[in-house]
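Coordinates in review
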Amino acid sequence: MIIRFRPSPIVVLCIVTLIWAFSFSLIGVYLSGQVDSYLAVFIRVFLAFLVLLPFFKPRQLPGKQLLVLTFIGAVQVGVTYQFLYHAFSYLSVAEVLLFTIFTPLWITLIDEVLLGKRHLPLRWWLGSALAVMGALIIRYQNISADAITGFCLIQAANLCFALGQVAYRRLPIADVKLQVQTFACFFLGATLVSGLGSVLFADWQKVPNSLTEWLVLIWLGLGASGFGYLAWAMASKRVNTGQLASMNNLLIPAGILVNVLFWQQSADWPRLLIGGAVIALAVWVCRPQTA
């Protein structure tokens, strides 16, 4: 008898969140200020595209769906990062983190108003609001005079990231094997947009030139991007909108915790614990209801 282990989608989302939390620290320690951000994004998504290319079987899906999947990757990763990295010209890192907390609300709004045109359960809205509140408790700091411009850029990034997640959830691809066989299109779209961003905005004097930098980029491409985005996308199809929205802000306490435990950074423990508990409550509030 063959026993197939299929982990809970929430567990998968938590694992990916932990991987991404380590990735943020690796970027901050080994790449930030040394490797151009646009080049770093292009390299990581291109590596993710290459690692999934051997599994690519385009005949498994209609051409229209492949184009939609390519567009989703272009928006969720490619366009998102263009807005995000421009925002750093106006905001501090703390401000960027603060303004990203609205992603859960964008996900809930897009799913109901823009795509679903239906009313979501009140508890999903409550969960999204709690996720924002929890992240706000953790990350709130005084903001700068350029906050309005930076806020608009970050919300554009949040909107693109949220739109990509919701659109993938609604893409009629349920079979796990089929998702693996077609996900290369996601990174094809991301590669095209990030490649264009590199041509237009990259500082080519800041190319990776050390073994450590390349090892970090390889991990970001194969692990954080290749495995991470694929696993997140597949798990997102097995949770409801409220859970997906709330899980987006779990990265904030996870990222801080990794920084504290592995890179000896300081943390406001009461705010971290309280905010993390509120985000966990948001996921619990949005859990599927049983009869």
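As shown above, the structure is provided for reference.
Where helix H7 (residues 147–170) contacts helix H10 (residues 211–236), the two axes come as close as 8 Å, and the packing angle between them is 60°. In terms of axis orientation, H7 runs oblique to H10. Crossing handedness for the pair H7 and H10: right-handed. Of the residues in H10, those touching H7 at Phe161, Gln165, Tyr168 and Arg169 are Tyr229, Trp232, Ala233, Met234 and Ser236. In terms of residue class, the contact of H7 with H10 is built from six nonpolar, two polar and one charged.

Our focus in this paragraph is the nonpolar core. The biggest cluster of nonpolar side chains holds 63 residues, and the ones touching the most others in it are Trp20, Phe183, Phe186, Phe187 and Tyr229. For this core, the secondary-structure elements that each account for two or more residues are helix H1 (9–31), helix H2 (37–52), helix H3 (63–87), H7, helix H9 (184–201), H10, helix H11 (241–247) and helix H12 (251–263). If one sorts the elements of this core by residue count, H10 sits on top with eleven residues. For Tyr229, the residues in contact, after removing those within four places along its chain, are Trp20, Gln76, Val77, Tyr81, Phe161, Phe183, Phe186, Phe187 and Ala224. Judged by nonpolar contacts, the second largest core, of nine residues, contains Val132, Ala135, Ile138 and Leu272.

What follows is about the pattern of salt bridges. As enumerated under the stated definition, the model contains two salt bridges in all. Arg169 serves as the salt-bridge partner of Asp111, at 3.9 Å between the closest nitrogen and oxygen. Taken as a pair, Asp111 in helix H5 (residues 103–116) and Arg169 in helix H7 lie far apart in primary sequence, 58 residues in all. Given the relative accessible area of 1%, Asp111 is considered buried. One connected set of salt bridges, linked through shared partners, spans Asp111, Arg169 and Arg170.

Another aspect to go through is the packing of aromatic side chains. Following the criterion strictly, the structure yields eleven aromatic pairs and no others. Here Phe102 and Phe151 contribute two aromatic rings whose centre-to-centre distance is 6.0 Å and whose plane-to-plane angle is 80°, an arrangement assigned as edge-to-face. Of this pair, Phe102 sits in the loop between helix H4 (93–99) and H5 while Phe151 sits in helix H7, and the two are 49 residues apart along the sequence. With relative accessibility at 27%, the residue Phe102 sits in the partly exposed group. What makes Phe151 partly exposed here is its relative accessible area of 32%. An aromatic cluster is built from Trp20, Tyr168, Phe183, Phe186, Phe187, Tyr229 and Trp232, whose rings are joined through pairwise contacts. When the ring centre of Tyr168 is taken as origin, the NZ or CZ atom of Lys237, which lies over that ring, is 5.0 Å away.

Rules used in this analysis
- Residues numbered from 1 in each chain as written.
- Predicted model: local features only at pLDDT ≥ 70, side-chain atom pairs only at ≥ 80, totals over all residues.
- Heavy atoms only, no water.
- Axes fitted to C-alpha atoms, helices over the stretch in contact; angles between N-to-C directions.
- Helix = DSSP H or I, 4+ residues; strand = E, 2+ residues; numbered from the N terminus.
- Parallel < 35°, antiparallel > 145°, perpendicular 65-115°, else oblique.
- Left-handed = near helix turned anticlockwise from the far one by under 90°.
- Contact = heavy atoms within 4.5 Å.
- Nonpolar A, V, L, I, M, F, W, Y, C, P; charged D, E, K, R; others polar.
- Core = buried A, V, L, I, M, F, W, Y, C linked by side-chain atoms within 4.5 Å.
- Buried < 20%, exposed > 50% of the residue type's maximum accessible area, 1.4 Å probe, protein only.
- Salt bridge = Lys/Arg side-chain N within 4 Å of Asp/Glu carboxyl O.
- Phe/Tyr/Trp six-rings, centres within 6.5 Å; stacked < 30°, edge-to-face > 60°.
- Lys NZ or Arg CZ within 6 Å of the ring centre and 35° of its normal.

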